[in-house]
Amino acid sequence: MTHAPADVFRREGTIAVPGGNVWYESRGEGPRTLLLLHGGPGAPSDYLIPLMDPAEEGWRVVRYDQLGSRRSDRPDDPTLWRVERFVAEVEAVRQALDVGRTHLLGQSW
């Protein structure tokens, strides 16, 4: 699937995180949320699009490009590439989108 069906709520935008702004896409509405994390750092989230299908089944599904990836800011600061900062990034995304408790699917690193 390359795009959300017309009847599935879809939103995208940017979120301020430590070190810059990240792009996100949210599909669907419902009491359960699936937050998708792509591999990286550096890989884009596009390959996760097929995993957004649960949005058609009453889930809210969110993917985003981590800092330094595709549609997100790409700062030239090597001190940002620490696990702790990426953990803070996930929390910033979760808070900005008011996700609350979530199911988390991470890839790669």
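Criteria and cut-off values
- Residues numbered from 1 in each chain as written.
- Predicted model: local features only at pLDDT ≥ 70, side-chain atom pairs only at ≥ 80, totals over all residues.
- Heavy atoms only, no water.
- Core = buried A, V, L, I, M, F, W, Y, C linked by side-chain atoms within 4.5 Å.
- Buried < 20%, exposed > 50% of the residue type's maximum accessible area, 1.4 Å probe, protein only.
- Helix = DSSP H or I, 4+ residues; strand = E, 2+ residues; numbered from the N terminus.
- Phe/Tyr/Trp six-rings, centres within 6.5 Å; stacked < 30°, edge-to-face > 60°.
- Lys NZ or Arg CZ within 6 Å of the ring centre and 35° of its normal.
- Contact = heavy atoms within 4.5 Å.
- Salt bridge = Lys/Arg side-chain N within 4 Å of Asp/Glu carboxyl O.

Q: Can you walk me through the nonpolar core in this structure?
A: Generally speaking, nonpolar side chains in soluble globular proteins are found buried as a group. Counting residues in each nonpolar core, the largest one holds 15 residues, and the members touching the most others are I15, V17, V22, L35, Y64, V93 and L97. Of all elements in the fold, only β1 (10-17), β2 (20-27), β3 (32-37), β4 (59-64) and α1 (83-96) reach the threshold of two or more residues within this core. Counting 8 residues, the second-largest nonpolar core is a separate cluster that includes L34, L48, M52 and A55.

Q: Even after reading the chapter, I still don't get the packing of aromatic side chains, so can you show me in this structure?
A: By convention here, two paired aromatic rings are described through the distance between centres and the angle between planes. Inspection of every chain in the model, using the stated rule, returns 1 aromatic pair. When the ring centre of F86 is taken as reference, the NZ or CZ atom of R85 above it lies at 4.4 Å.

Q: Please clarify how the environment of V17 should be interpreted in this entry.
A: Within the secondary structure, V17 is located in strand β1. When the C-alpha atoms of V17 and R85 are compared, they prove to be 9.1 Å apart, with 68 residues separating the residues in sequence. Not counting chain neighbours up to four residues away, the residues in contact with V17 comprise V22, L67, R85, E89, A92 and V93.

Q: What should I look at first to understand unusual backbone geometry in this one?
A: For residues besides glycine, phi is generally negative; the peptide bonds are generally trans as well. Even without a glycine there, the phi angle at D98 is positive, about 50°. Here D98 lies in the loop between α1 and β5 (103-106). Judged by relative accessible area, D98 falls into the exposed class, the value being 66%.

Q: What is the right way to look at the pattern of salt bridges in this model?
A: A side chain of one charge can pair with a side chain of the opposite charge when the charged atoms of the two come close. Counted by the stated rule, this structure contains 11 salt bridges. Put simply, D46 and R70 hold a salt bridge, and the shortest N to O gap is 2.6 Å. Taken together, the residues D46 in the loop between β3 and β4 and R70 in the loop between β4 and α1 connect sequence positions 24 residues apart. The partly exposed category is assigned to D46, whose relative accessible area is 27%. D65 is the partner of R71 in a salt bridge, and the nearest nitrogen-oxygen pair spans 3.6 Å. For D65, a relative accessible area of 0% translates into the label buried. Among the charged side chains, a network of salt bridges with common partners joins R10, E12, E25, R27, D46, R63, D65, R70 and R71.

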